[in-house]
Amino acid sequence: MKIVVDFDRCQSNALCMSAAPELFEVRDDGFLYVLQEEPGEDQRAVLEAAVRACPTQAISIG
Amino acid sequence: MSVGDSHVVVVGASLAGTRAVEALRHQGFDGRITLIGDEAHQPYDRPPLSKTLLSGKRTADQVRLHPDGDDYASVLDVTMMLGRRACSLDVDAAEITLDRDERVGFDALVIATGSRARHLNHTDHLPNVYVVRTLDDCLRLQAALVAGARVVVVGAGFIGAEVAATAHSLGCHVTVLEAAPVPLERQLGATMGTYCATVHARHGVPLRVGVQVDEIDANGVILAGRERIQADVVVVGVGAVPNTEWLQDSDVAVGDGVLCDAFCRVRGSGAGTLKGIVAAGDVARWTNTLFGEEMRIEHWTNAAEMAEHAATTLLADLNGDSSSLMPFAPVPYFWSDQYDIKIQFLGRSTGHQEVVVVDGSMESGKLVALYRRDNQLIGALGISRVRQLMSYRNLLATGASWEEALTHAAQ
Ligand SMILES: Cc1cc2nc3c(=O)[nH]c(=O)nc-3n(C[C@H](O)[C@H](O)[C@H](O)COP(=O)(O)OP(=O)(O)OC[C@H]3O[C@@H](n4cnc5c(N)ncnc54)[C@H](O)[C@@H]3O)c2cc1C
Ligand code: SF4
């Protein structure tokens, strides 16, 4: 399972981080960092929650 | 009848409606679903309408809610009835009447008809007056926002402020008028409302508060006191009203929104809730037990989350097993992008007695401010302080005390 972020769409409002803090972090530079590019299947549910929380549809699962 | 034989009808094909459909499928519902919406477009997202779509950074195709577009209906196996309006509901007969007098029966119903822009009286016929609620509204306004155009924005709420910022970035000469003495007071309180509104002046956009618009005509607006402001474009951003007229003669309890219980079930005009009917999004008013407060929220995250929750309740009720249901008790959240700042708010400000800036400062333009009611943390405002703000979400979700919040802030 691979996390794909469209950084052109991302507006760094950190809703993904709130839903899945172990996978996403928005740092003080204002950019989103993906903490684990290829999380295990056991993280699918939180990743899907992050996908749904993102208001710009910037995250997809590859 | 098994749940799989049921027919769920969802009225309103925007964020809440489509999220309800998706949640029903994700949760394993394999019966029929019909999604009815009165806009002819494929479902699209509204926040870009005052931001990136209005500025031309995104196209209409790029703001669709489902990039796979037409496949959506087949992937989710949903019958889409777009460009069709629900005109009335008969709860006893479990039937909706659409325009052209077509009837659609249901076993369960999701009400997701959202809200619409409030208009000012007697201005709809004027070609220079605009609201921003739909894709068509936005495209029409976009065509008028040419460099050098004189734009008056009536209303300094979030949408008005965003439109002002976008119009300014396009080279328009913008003036913002607000009737209340303090902009955004209901959402942010007086101190922070006043502070947030200084963003206009910082960008050279005049904001006038406490001014009443008396009249709008082809040349601009006339204020109480007969002062005239010339404008090529007048954008009216004076709030939204819930779309409940179609429920007027039904058994559904309506009062500034569709009234729901804490689980998103729709209340009847008598006592109790209506079997198999839930509501979500801008149209729904419910009691959020986390805050002990009845609310109707007109923001993106609430529509998305409430729709999912309503779908869960609906399936549990259809299955006759509601024992494990949880009330819908989220920490409300919204954001607004204006000029170069990002405003974000978690929780509530209603009835707050104190606001304290705990991080950053007003001078720097970046801050986190906390809202106290009695001894509780009830809200947190962030201005261009994304990560710091989000750290308060858990505190709000667990009903943290004011001391706990201040301790967290000091860390
Ligand atoms: C310009 C703009 C900018 C915004 N920016 C932000 C932002 O930055 N952050 C944020 O948190 N929120 C923002 N919002 C708010 C957010 O978009 C809404 O909260 C969200 O769209 C609510 O979704 P909904 O599905 O409940 O209702 P709506 O989006 O209002 O959808 C309801 C749908 O139902 C249809 N409908 C109504 N009556 C009927 C009927 N009788 N029959 C059939 N169909 C019907 C409507 O036409 C509409 O398509 C913004 C809204 C606007 C307009
Ligand atoms: S929620 Fe979406 S827009 Fe916000 S930071 Fe995450 S990926 Fe970016």
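Model, not experiment: these values are computed from the prediction. (Residues numbered from 1 in each chain as written. Chains lettered and ligands numbered in written order. Predicted model: local features only at pLDDT ≥ 70, side-chain atom pairs only at ≥ 80, totals over all residues. Heavy atoms only, no water.)

*Asks:* Looking at this model, I keep getting lost on the interface of chain B and chain A. Mind explaining?
*Replies:* For interface size, the figure often reported is the accessible area lost on association. Taken residue by residue, the interface counts 22 residues in chain B and 18 residues in chain A. Counting each side, the surface lost to burial between chain B and chain A is near 1,600 Å², with a carbon and sulfur contribution of 43%. Three residues, Arg58(B), Arg387(B) and Met390(B), lead the burial of chain B against chain A; their summed loss comes to 30% of the area buried on that side. The interface formed by chain B and chain A includes 2 salt bridges. The partner of Arg387(B) in a salt bridge is Asp28(A), and the shortest N-O contact between them spans 3.1 Å. Counting across the interface, chain B meets chain A through 11 residue pairs in polar contact (both at pLDDT 80 or more). If you list the elements that add at least two residues to the side of chain B that touches chain A, you get helix 7 (300–318), strand 23 (333–338), strand 24 (341–347) and helix 8 (386–390) of chain B. Along the lines of polarity and charge, the residues of the side of chain B that touches chain A split into 7 nonpolar, 6 polar and 9 charged. (Contact = heavy atoms within 4.5 Å. Buried area = accessible area lost by both parts, 1.4 Å probe. Salt bridge = Lys/Arg side-chain N within 4 Å of Asp/Glu carboxyl O. Polar contact = N/O pair within 3.5 Å; in protein donor to acceptor, adjacent residues only side chain to side chain. Helix = DSSP H or I, 4+ residues; strand = E, 2+ residues; numbered from the N terminus. Nonpolar A, V, L, I, M, F, W, Y, C, P; charged D, E, K, R; others polar.)

*Asks:* What is the right way to look at the site of ligand 2 in this model?
*Replies:* Around ligand 2 sit Cys10(A), Gln11(A), Ser12(A), Asn13(A), Ala14(A), Leu15(A), Cys16(A), Leu32(A), Cys54(A), Thr56(A), Ala58(A) and Ile59(A), and that is every residue in its neighbourhood. Its residues assigned to classes, the shell around ligand 2 comprises 8 nonpolar, 4 polar and no charged. (Near = heavy atom within 4 Å.)

*Asks:* Before we go on, may I ask you to explain the environment of Val152(B) in this structure?
*Replies:* Residue and element names in this part refer to chain B. Structurally, Val-152 is set in strand 10 (residues 150–154). A relative accessible area of 1% means that Val-152 is categorised as buried. Setting aside residues no more than four positions away along its own chain, Val-152 makes contact with Thr-175, Leu-177, Val-221, Ile-229, Ala-231, Val-233, Val-234 and Val-235. (Buried < 20%, exposed > 50% of the residue type's maximum accessible area, 1.4 Å probe, protein only.)

*Asks:* Whenever I open this one, the nonpolar core confuses me. Can you help?
*Replies:* Side chains of nonpolar character tend, in soluble globular proteins, to be buried together. Phe24(A) and Ile111(B) are the most contacted members of the largest nonpolar core, which has 97 residues in total. A per-element tally of this core places helix 7 of chain B first, with 9 residues. Mapping this core onto the domain boundaries places at least three of its residues in each of domain 1 (3–116 + 241–319) and domain 3 (340–410) of chain B. Other than its neighbours up to four places away in sequence, Phe24(A) contacts Ile3(A), Val5(A), Cys16(A), Met17(A), Leu32(A), Tyr33(A), Val34(A), Leu35(A), Leu47(A), Ala50(A) and Ile59(A). Ranked by size, the runner-up nonpolar core spans 25 residues in total, among them Tyr130(B), Leu141(B), Ala156(B) and Val205(B). (Core = buried A, V, L, I, M, F, W, Y, C linked by side-chain atoms within 4.5 Å. Domains from an automatic or database assignment.)

*Asks:* Is there a simple way to think about the pattern of salt bridges in this case?
*Replies:* Oppositely charged side chains can form a pair if their charged atoms are brought close together. Residue and element names in this part refer to chain B. Under the counting rule described, the total for this entry stands at 33 salt bridges over all chains. Residue Arg-84 is joined to Asp-99 by a salt bridge in which the shortest nitrogen-to-oxygen separation is 2.8 Å. Remark: Asp-99 occurs in the loop between strand 5 (95–98) and strand 6 (103–105) and Arg-84 occurs in the loop between strand 3 (79–82) and strand 4 (86–90); sequence separation between them is 15 residues. Overall, the relative accessible area of 10% leaves Arg-84 in the buried class.

*Asks:* Help me out: how do you make sense of the site of ligand 1 in this one?
*Replies:* Residue and element names in this part refer to chain B. Close to ligand 1 lie 34 residues; Asp-38, Glu-39, Arg-46, Lys-51 and Asp-282 are nearest. With respect to ligand 1, the backbone of Ala-16 contributes an N or O atom lying 2.9 Å from an oxygen atom. Side-chain polar atom of Glu-39 to an oxygen atom of ligand 1: 2.5 Å apart, as the coordinates give it. In isolation ligand 1 exposes 1,000 Å². Once the protein is present, 96% of that is buried. Contributing elements (two or more residues each) for the shell around ligand 1: helix 1 (15–26), helix 5 (158–169), helix 7 and strand 23. Shared between two domains, the shell around ligand 1 takes at least three residues from each, and those domains are domain 1 (3–116 + 241–319) and domain 2 (119–238). (Areas by Shrake-Rupley, 256 points an atom, 1.4 Å probe, with all protein chains shown as cover.)

*Asks:* Teacher, can you tell me more about the domain arrangement of chain B here?
*Replies:* All names here are of chain B. The domain architecture assigned to chain B consists of domain 1 (3–116 + 241–319), domain 2 (119–238) and domain 3 (340–410). Summarising the inter-unit geometry, the C-alpha centres of domain 1 and domain 3 are found 31 Å apart. The interface of domain 1 with domain 3 comprises 6 residues on the first partner and 8 residues on the second. A buried area of about 540 Å², summed over both sides, lies between domain 1 and domain 3, and 51% of it is on carbon and sulfur atoms.

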